[in-house]
Amino acid sequence: MSPKQDPARVRFAPSPTGFLHIGGARTALYDYLLARQSGGSFILRIEDTDQKRYQESAESDFKDALYWLGLVPDEGPDQGGSCSPYRQSLRKGIYQDHAEQLINNGNAFYCFCTPEQLNQVREDQMKRKETPHYDGTCRNLSHEQAAERIQAGESYVIRFKSPQSGKTIVRDLLRGEITVDNSNLDDMILIKSSGLAVYHLAAMVDDHLMGITHVIRGSEWLPTFPIHALIFRALGWQEPIWVHLSVFLKPDGKGKMSKRDTELAQEKGLPIFVKDMDKMGYLPESVINWIALMGWSFDDKTEFFTIDDLIEKFSLEKLNPSPAAINFSKLDHFNGLHIRNLSPEDFAARIKPWFENAGFIVEENKLLQIANAIQTRTKKLTEVVDMAGFFFKEDIDLVIDRIISDKLNATQAAEAAHKITQLFQNLEVIDLETAEQPLRDIAVDLEIKAGQLFGLLREILTGQKVSPPIFDIIPILGREKVLSRLENALGIFQNLSM
RNA sequence: GCCCCCAUCGUCUAGGGGACCAGGACAUAACCCUUUCAAGGUUAAGACCGGAGUUCGAAUCUCCGUGGGGGCACCA
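1. Quick notes on the environment of N289
Tracing the backbone through its elements, the reader meets N289 in helix α10 (residues 284–292). Residues within four places of N289 in sequence aside, it is in contact with E303, F304, F305, F334 and H338.

See below:
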């Protein structure tokens, strides 16, 4: 794509603790785009170092969601790769080796403080209105002392030995240099007492070992960003390009989507999780387009993007660091756009299962015609059954209350149905050309508005107030069904007028 | 409380010192088209958080406020 760019190796590294939501999907998308446009690799890595929060179902949900969106990894648990394994729980030894290395070069230390002690320290600090942080009890234990206590069977963790004075300067691609006072840095735990690494070590080691060139992650990592850079430096590694994406805010722009907000949004039927998008009638193309534009833009007018457009036009530099509120109605808009962008054949294929799930037998020859008739008026696939179910039904129910009113009584309706029937019976071909004017003449005859007559005919043929244009419907329905529905309606109207 | 980040229409955004009485999109309203509903077209309303600087000139640079967000776990 762009020859000046070196192949990027980027990873999407979710923690299997829940479903993939639009925030995660957007990160994965940017990863994917960067990989594709640079001829690099998109890697999926499962960060399952927290056995307590691990959810069996989460991993398959991530994969399903990613696949549905079309973001298929080049390397990962399923496809393997030169950096296997891609599941952190399987890389325990690797992290331990590196933690040891850090201890040996004086950048980490064994800590024997118990959780109870640490809690006490934290409480005291809070009482004194200090920022809770590790108090350094074990920081200066000698190798011998530490070895002895380990020998004695004491439980321990390994902590990073953060510098206590001076400043650390790190560089985020979107924000530039960020400077922090080292006195604010905590001695983060690297290896838990279980022997498993925590994110701070595991992710850094993996990112280096897997040759990750760009770390794209959420801005919730900004506070610990300096620690991460320091770990890279302590190991003598070259840092990747760091990119911290903005968070998504609630639709009103006030506050991040909390767990409760997420539940609330779900109750309201708002699309939060990728797994729900399909059954809510959204196209993966639309979801991609939508999330791509939340925090990124191409220029001042282009908004419609296919995945190929995005691969071509995406650039990290145009990412926006400020938090963004989610605009759900825009997804509907994009969905309409992408539906209309589909070829009629493609659209037909996508609506077919909806009709089948509604219990209709779908005739292929009709399907394409139906697709043509409804494509420009569907915004979500969920609507197609309501909109076009009448094509498949044997009989339709007329909503009399909607048809008969002070403007049109039953006698008039019956008369109209009768005249339309006669007209259609005499017509070899019923279409816009042959039937429109005669229908208008009938309206004049009956002293009703043409619109009224067409509305009546629409109700008779579809049982609906709104539908695709009548002359689009008739050839699909077929002469027989048209006439039988007219006959049926005529009977009902006559009954009513007696 | 402490640390870090962010700040243009209701929302997503363009803008990177003069091209801006600030452009686009969604949503809203009106009109046109029209056999309904869409689609399409036209139009309306709607924003540079505040204050100091720097400069001939600031939405754009600096500082201070304010507001919003994130973080402060043997979670990621």
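2. Comments concerning unusual backbone geometry
Here the amide bond leading from S84 into P85 is cis, since omega sits at -10°, within 30 degrees of zero. Note that P85 resides in the loop between α2 (56–69) and α3 (92–104). Phi at K129 is positive, roughly 60°, even though this residue is not glycine. Turning to its location among the elements, K129 is positioned in the loop between α4 (115–127) and α5 (143–151). Although it is not a glycine, E447 adopts a positive phi angle of roughly 60°. Residue placement: E447 occurs in the loop between α18 (432–446) and α19 (450–462). The exposure class assigned to E447 is exposed, which follows from its relative accessible area of 72%.

3. Some points on the environment of D278
Its location among the elements puts D278 in the loop between α9 (274–277) and α10. Spatially, the C-alpha atoms of D278 and K380 are 9.9 Å apart, while their sequence positions differ by 102 residues. Contact partners of D278, with chain neighbours within four places excluded, come to W68 and W354.

4. Things to note about the packing of helix α13 (residues 344–357) against helix α14 (residues 364–374)
Following both chains from N to C, one finds α13 and α14 inclined at 105°, their axes separated by 9 Å at the closest point. Classified by the angle their axes make, α13 and α14 are roughly perpendicular. Where α13 abuts α14, its residues P344, E345, F347, A348, I351, K352 and F355 lie against E364, L367, L368, I370, A371, N372 and I374. A class-by-class count of the residues in the contact of α13 with α14 yields 10 nonpolar, 1 polar and 3 charged.

5. Examining the environment of K268
In this fold, K268 is placed in the loop between α8 (259–267) and α9. For the pair K268 and H143, spaced 125 residues apart in sequence, the C-alpha to C-alpha distance is 58 Å.

6. Concerning the pattern of salt bridges
One pass over the structure, following the stated rule, counts 30 salt bridges. One salt bridge in this structure joins R350 and E285, with 2.5 Å as the shortest N-O distance. Of the two residues, R350 sits in helix α13 while E285 sits in helix α10, which places them 65 residues apart along the sequence. Of the charged contacts, one joins E364 and K352 as a salt bridge, the two residues approaching to 2.5 Å between their closest N and O atoms. Pair noted here: E364 is in helix α14 and K352 is in helix α13, with a separation of 12 residues, a long-range link. Three or more residues are tied together by salt bridges with common partners; here these are R11, R45, E47, R91, D206 and D207.

Here is what the cut-offs are and how they apply
Residues numbered from 1 in each chain as written. Chains lettered and ligands numbered in written order. Predicted model: local features only at pLDDT ≥ 70, side-chain atom pairs only at ≥ 80, totals over all residues. Heavy atoms only, no water. Helix = DSSP H or I, 4+ residues; strand = E, 2+ residues; numbered from the N terminus. Contact = heavy atoms within 4.5 Å. Buried < 20%, exposed > 50% of the residue type's maximum accessible area, 1.4 Å probe, protein only. Axes fitted to C-alpha atoms, helices over the stretch in contact; angles between N-to-C directions. Parallel < 35°, antiparallel > 145°, perpendicular 65-115°, else oblique. Nonpolar A, V, L, I, M, F, W, Y, C, P; charged D, E, K, R; others polar. Salt bridge = Lys/Arg side-chain N within 4 Å of Asp/Glu carboxyl O.

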